[in-house]
Amino acid sequence: MKYYLGIYGCQMNISDAERAAAVLEQLNYKRTLNINEADLILVTMCSIRQSAVDRIHGLVDKFDVIKKSKPKLKTILTGCVLKRDKKIFVEGFDYVLDIKDIKRIPELLGVKKTLRLRSGQGKNQTDYLDITPKYENKFSANVPIMTGCNNFCSYCVVPYVREREISRPAKDIILEIKKLVKGGYKEIWLLGQNVNSYKDTSTGSEQANTFPKLLKMVNNIPGNFWIRFTSSHPKDFSEELIEAMAICEKVKPYLNLPIQSGDDKVIKAMNRHYTVESYKNKIKKLRKKIPDIALSTDIIVGFPGETKTQFNNTVKLFRDIKYDLGYISKYSPRAGTTAAKLKDNISTEEKKRREKVLTDVLKQTALEKNKKLIDTETTVLINEPKNDFWLGKDQHYRTIKVYPKSPSSKIKIGQFIKSKIIAVTPFTLSAEEM
Ligand code: SAH
Ligand code: SF4
Ligand code: F3S
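Computed from a prediction, not measured in an experiment: that's the story for all the values here. (Residues numbered from 1 in each chain as written. Chains lettered and ligands numbered in written order. Predicted model: local features only at pLDDT ≥ 70, side-chain atom pairs only at ≥ 80, totals over all residues. Heavy atoms only, no water.)

### Remarks on the sheet that holds strand 6 (residues 140–144)
Here comes step 1: Taken in spatial order, the three strands line up as 6-9-12 in an open sheet, and their pairing is parallel. Bordering the open sheet on either side are strand 6 and strand 12 (226–230), each of which pairs with just one other strand. Going across the sheet, the axis of each strand differs from the next one's by a mean of 25 degrees, ignoring polarity.
Here comes step 2: In the packing of helix 7 (residues 211–219) onto the sheet, the strands contacted are strand 9 (187–191) and strand 12, and the crossing angle to strand 12 comes to about 155 degrees. (Pairing = 2+ DSSP bridges. Helix = DSSP H or I, 4+ residues; strand = E, 2+ residues; numbered from the N terminus. Axes fitted to C-alpha atoms, helices over the stretch in contact; angles between N-to-C directions. Contact = heavy atoms within 4.5 Å.)

### Here's the deal with the site of ligand 3
Here comes step 1: Taken together, the residues surrounding ligand 3 are G9, C10, N13, C46, S47, I48, C80, R162 and Q193.
Here comes step 2: Looking at side-chain class alone, the shell around ligand 3 contains four nonpolar, four polar and one charged residues. (Near = heavy atom within 4 Å. Nonpolar A, V, L, I, M, F, W, Y, C, P; charged D, E, K, R; others polar.)

### Some words on the domain arrangement of the chain
Here comes step 1: For the chain, the domain assignment lists domain 1 (2–108), domain 2 (127–370) and domain 3 (377–433).
Here comes step 2: The partner domain 3 presents 19 residues to the 22 residues of domain 2 that form the contact.
Here comes step 3: For the pair domain 2 and domain 3, the summed buried surface comes to about 1700 Å²; carbon and sulfur atoms form 72% of the total.
Here comes step 4: The largest share of the area that domain 2 buries against domain 3 comes from F139, W226 and N370, three residues that together contribute 38% of it.
Here comes step 5: Our count for the contact surface shared by domain 2 and domain 3 stands at zero salt bridges.
Here comes step 6: Run the count over domain 2 and domain 3 and you get five residue pairs in polar contact (both at pLDDT 80 or more).
Here comes step 7: Looking at the side of domain 2 that touches domain 3, the elements with two or more residues in it are strand 9, strand 12, strand 15 (325–330) and helix 12 (348–371). (Domains from an automatic or database assignment. Buried area = accessible area lost by both parts, 1.4 Å probe. Salt bridge = Lys/Arg side-chain N within 4 Å of Asp/Glu carboxyl O. Polar contact = N/O pair within 3.5 Å; in protein donor to acceptor, adjacent residues only side chain to side chain.)

### Describing the site of ligand 2
Here comes step 1: The immediate surroundings of ligand 2 are formed by C149, N151, F152, C153, Y155, C156, V158, P159, H233 and R272.
Here comes step 2: Among the residues making up the shell around ligand 2, the classes are represented as seven nonpolar, two polar and one charged.

### Topic: the nonpolar core
Here comes step 1: Ranked by internal contacts, the top residues of the largest apolar core, which has 55 residues, are I177, L190, F211, L215 and M245.
Here comes step 2: Ignoring any residue separated from it by four or fewer positions in sequence, one finds L215 in contact with L190, I227, F229, L241, A244, M245, C248 and V251.
Here comes step 3: With 22 residues, the next largest nonpolar core counts A20, A21, I102 and L129 among its residues. (Core = buried A, V, L, I, M, F, W, Y, C linked by side-chain atoms within 4.5 Å. Buried < 20%, exposed > 50% of the residue type's maximum accessible area, 1.4 Å probe, protein only.)

And the structure:
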């Protein structure tokens, strides 16, 4: 029996799909990358924008065709599904399952099987996070430290699809990472919708484990590996965290700190609880402690009522901060969120224009910064072989093409390779193996 994974959305969904895969493997299902071959299709969906939801509708249309040659095909929908979409998708899928209930998959499929899946000592609500995943990647692992979100940014569905924040016990996280490092993993991503509000109260002691403390605990795990984390909410991005990032040598100098807009009024309407000034101050402090830190942000263009002047404030901010990367989205109204009550009054054309303006500024500033890197050294974690080079990311999360120094070079996937930067574009750098 074969299963196909349809993975949509962010790293959290990749990680959740890895846990669902672990359950299926225990039921003796084998993974296939060919959807037409599958006896079971499991989809972890994303609802962040309407376009993400539409993709699932497109997939459902395919099921009928596949069912013609595979009449016994079973389909399961899980991940981030809005309540109202659950009602719609029960038509297209055999089962719509809450992600926290993936241990129920055997029961759904009518298989009697006691699952042996636990990696830590997880209990209650975070139980499903304690399932040892079938990791997609052999050297870079996603490790959720919490799930859910309490912030209710006015445009966002995450608090509705993932409910409230729950932190995973630090001891379980550490246990999982220790096993990964022993198994040769070189990069650990600590995941949560807002990692900065991580709080492990399971210890029962007065002092709960906070995110800076957790970073230090992970940093203390012996081994040669990199630590990264996402996402970080600026309102909870503390000096204590900056301090921890600076002293933990395994935490690499890259940070995604989504500001969403460079205009205080828009930020307020987004219910984000910081100002451009407070954000910039945090970046200033961060750069003082970690001068070479690479920065990225998330931006929504065309939030309801966003004027050209307000948008230009975001452009100014981009010029000012000089981000290395940016994830720019066109506002998509999501039913049930508070922003959905506001008129989506910026046309698609105008949203596209704003997206392009920002992308152009980003390209310019990133290129300027990258040019200064020519002839400097960097370490690249190799990810993928290409024709005459290897693709990877360096400590700063820059995409690097590494050219082997000789035909006898022994570069392999999952290795750290010292390289010298020889040429740059805004988002990709070329380097030679040293
Ligand atoms: N927890 C993270 C964001 C997770 S969602 C944070 O607080 O920053 C990932 C990104 O999707 C967001 O940063 C935002 O830029 C984008 N996004 C969320 N809702 C959106 C919407 N309704 N329309 C367009 N983009 C959206
Ligand atoms: Fe969404 Fe805001 Fe929570 Fe991020 S912090 S997941 S944007 S509600
Ligand atoms: Fe999408 Fe859920 Fe991530 S809605 S962005 S997959 S948390």
